[in-house]
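# Structural overview
Now for the letters of each chain:
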Amino acid sequence: MAIKVLIPTPLRPFTDRRDTIEVEGTTVGEVLENLTSEFSQIKQHLYSDDGTFRSYVNIYVNDEDIRYLAREKTAVSEKDTISIIPSIAGGVDVDMPEVESETQLSNDEVLRYSRHLIIPEVGMDGQKRLKAGRVLMIGAGGLGSPVGMYLAAAGVGKIGIVDFDVVDKTNLQRQILHSTQDIGRAKLDSAREKLEGINPNISIETYETRLSSDNALELFADYDVVVDGTDNFPTRYLVNDACVLLGKPNVYGSILRFEGQVSVFDSKRGPCYRCLYPAPPPPGLVPSCAEGGVLGVLPGIIGTLQALEVIKLLLNEGDTLIGRLVLFDALKFKFRELKLRKNPECPICGIDPTIHSLIDYEQFCGISGGAVSEPAIDERTEITVEQLKARLDNGQKPFMLDVREPREYEIVNLGARLIPLSELPKRFKELDPSEEIVVHCKMGGRSAKAAAFLRQQGFTNVKNLVGGIDAWINKINPNLPRY
Ligand SMILES: [Zn+2]
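Definitions and cut-offs
- Residues numbered from 1 in each chain as written.
- Predicted model: local features only at pLDDT ≥ 70, side-chain atom pairs only at ≥ 80, totals over all residues.
- Pairing = 2+ DSSP bridges.
- Helix = DSSP H or I, 4+ residues; strand = E, 2+ residues; numbered from the N terminus.
- Axes fitted to C-alpha atoms, helices over the stretch in contact; angles between N-to-C directions.
- Parallel < 35°, antiparallel > 145°, perpendicular 65-115°, else oblique.
- Left-handed = near helix turned anticlockwise from the far one by under 90°.
- Contact = placed C-beta atoms within 7 Å.
- Nonpolar A, V, L, I, M, F, W, Y, C, P; charged D, E, K, R; others polar.
- Buried ≥ 20, exposed ≤ 12 C-beta atoms within 10 Å, placed from the backbone.
- Right-handed = clockwise from strand over helix to strand, strands pointing away.
- Core = buried A, V, L, I, M, F, W, Y, C linked by C-beta atoms within 7 Å.
- Domains from an automatic or database assignment.
- Expected span 1.5 Å × (residues − 1).
- pLDDT = per-residue confidence, 0-100.

Taken together, five strands build an open sheet; the order of strands is S14-S18-S17-S15-S16 and the sheet is parallel. Each edge of the open sheet is held by one strand with a lone partner, namely strand S14 (382–383) and strand S16 (417–418).

With that out of the way, let us pick up unusual backbone geometry. Backbone geometry at Asp16 places phi at a positive 50°, although glycine is not the residue there. Mapped onto the elements of the fold, Asp16 is located in the loop between strand S1 (2–6) and strand S2 (20–24). Despite not being glycine, Asn62 shows a phi value in the positive range, around 55°.

At their nearest, the axes of helix H6 (residues 144–154) and helix H7 (residues 187–198) sit 8 Å apart, and the two run at 30° to each other. Viewed along their axes, H6 and H7 adopt a mutual orientation that is roughly parallel. Like other packed secondary-structure pairs, H6 and H7 cross with a definite hand, here right-handed. Mapping the contact onto sequence places Gly148, Met149, Ala152 and Ala153 in H6 and Ala191, Leu195 and Ile198 in H7. Looking at the contact of H6 with H7 residue by residue, the classes come out as six nonpolar, one polar and no charged.

The element strand S10 (residues 250–256) is extensively covered by neighbouring structure, given that seven of its seven residues are classed as buried. Where burial is concerned, the two faces of S10 agree: the one with Asn250, Tyr252, Ser254 and Leu256 and the one with Val251, Gly253 and Ile255 are both buried. Pairing between strand S9 (residues 225–228) and S10: three bridges, direction parallel. Looking at the pairing, Val227 lines up with Val251 of S10. Since S9 and S10 lie parallel, the crossover through helix H9 (residues 233–246) that links them has a hand, and here it is right-handed. Here S10 pairs with strand S11 (residues 259–265) via seven bridges, running antiparallel.

Let's shift gears to the pairing of strand S7 (residues 158–163). Of all six residues making up S7, five are buried, and the element is well covered by its neighbours. The sheet contact formed by strand S6 (residues 134–138) and S7 spans five bridges and is parallel. Looking at S7, one finds that Val135 is bridged to Ile159. Once the chain exits S6 it traverses H6 before rejoining the sheet at S7, and the crossover so formed is right-handed. For the segment spanning S7, H7 and strand S8 (residues 203–208), crossover handedness is right-handed.

Moving on to the packing of H6 against helix H12 (residues 298–315). With their axes 7 Å apart at the nearest point, H6 and H12 run at an angle of 40° to one another. Judged on the interaxial angle alone, H12 and H6 are oblique. Note that H6 runs across H12; the crossing there is right-handed. The residues of H12 that touch H6, namely those facing Gly144, Ser145, Pro146, Val147, Tyr150, Leu151 and Ala154, are Pro299, Gly300, Gly303, Thr304, Gln306, Ala307, Val310 and Ile311.

Moving on, we come to the environment of Phe53. Note that Phe53 resides in the loop between helix H2 (43–46) and strand S3 (57–61). For the pair Phe53 and Glu72, spaced 19 residues apart in the sequence, the C-alpha separation amounts to 9.4 Å.

This part covers the nonpolar core. Of all hydrophobic cores here, the largest spans 87 residues; its most connected members are Val135, Val227 and Val310. With nine residues, the single largest contributor to this core is H12. When we break this core down by domain, the ones giving at least three residues each are domain 1 (2–86) and domain 2 (107–364). Sequence-distant contacts of Val135, that is, excluding residues within four places in its chain, are made with Leu151, Val156, Ile159, Tyr223, Asp224, Val225, Val227 and Val310. Residues Leu401, Val462, Ile469 and Trp472 belong to the second largest nonpolar core, which totals 21 residues.

What follows concerns H12. Over its 18 residues, H12 runs 26 Å from end to end, which matches the ideal 26 Å to within 8%, given 1.5 Å per residue. The buried fraction of H12 amounts to 13 of the 18 residues, a majority that puts the element mostly inside the structure.

Looking now at the sheet that holds S8. Read from one edge to the other, the open sheet built from eight strands follows the order S8-S7-S6-S9-S10-S11-S12-S13, with strand pairing classed as mixed. Here the strands that pair on one side only, and so sit at the sheet edges, are S8 and strand S13 (334–339). Averaged over all pairs of adjacent strands, the angle between strand axes in this sheet comes to 15°, irrespective of strand direction. Contacts between H6 and the sheet are confined to S6, S7 and S9, with S7 contributing the most and set at about 165° to the helix. Against the sheet, H7 makes contact with S7 and S8, and its axis sits at roughly 175° relative to S8, the strand it touches most.

The predicted model of the chain averages 90 in pLDDT, with 93% of residues at 70 or higher. Predicted confidence is poor over residues 90–94, with pLDDT under 50, and the contacts of this stretch with residues over four places away or in other chains come to 15 contacts. Note that pLDDT drops below 50 for residues 369–374; the model gives that stretch two contacts with residues more than four away or on any other chain.

Below, the structure written as structure tokens:
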């Protein structure tokens, strides 16, 4: 009996890029065993060494998590669909603070919000709620753009934005808060200008800082709702934990390539992000948008859904996404909805929590050192772009291997031999194990994996180019196209 298994984007490199695979089996365990025997590389991503599922992967049969069915023994039949939902990255009443009675709308505001005021679900009372609402956005990037613009337009009275980045040309394809003339400016400045232009009646607070365990609780305390528009796992867990500790709803969105996820985590009324994913994937497994790419309009769709949920939370109207995870596949134009349950064993919102304060999230996510200082390199396994340049200038020519995808190679390359990381296990025999090999990718993550793989295969002199072709362009040859 063939069962349909849906493969998420991060695992498709291991399934010959197929998104759906029909696999024989009568239980989830059997199906996954057959899947991993056909596509052996998936196995290490699904299972730990002791044979249990990894904590950053969830398996669903239709819309239900198998942890709440019979786990691997869950029976499946032909009409069932198994989904593998890795971390990327309703309907309950909410108790938003009561609107202070002194909140009033001016005549100008009445006119501006007139299309809201005539909807019964908003009306004068709802519009005052929005005006009294305080929403903190983490990030003024792809997701933060539509969130900020729609919340400003809708009249949310106080919008806080945490960001420390400057506008880069590569942002403009999707981050519509920022314009071409903003390149090089702080994102907070262009965001404030844009949002004040949309609605001068609201107040914008900006925080030019990296969100951290030291400042998160203090920053969140002044707000009713937090919107997670981050693009990295340490910040995602930090936002979750701070929201749980303060009892505030966390409107979650994440995007990669053509796929997005959206939900509302509110531990007082439903599950939190850790109920879904107790631990993050190891660094490098899930590509970032910088490495994996993202379709320009996708953050617009997912961010707009986040803005919608914020407005519903503030209005206390409708069924929010508490307890539901919505997945959107833009290429197929398919929305799917999965049930999320509160995990009684959740380390932060469960019955007997083990986390009572914010922790070191970089360390928790396996990222050592800080992003601020450059870590020392290991000369046996790594080489910097400066060292490589010096070697090349001296006429030494190590064999250069590029493990990016062909379309990245087409944009810019260093004349290296191209073998994409996903093809390396099949093609490494094309390389000479006795030769010195310098491996590179875009930023150094994929090439570190490739170098480790080659060492396992008996290659003795393999070095990872730290920072990848990005570092080469930034530090050695800025005339090359950057992507
Ligand atoms: Zn939880």
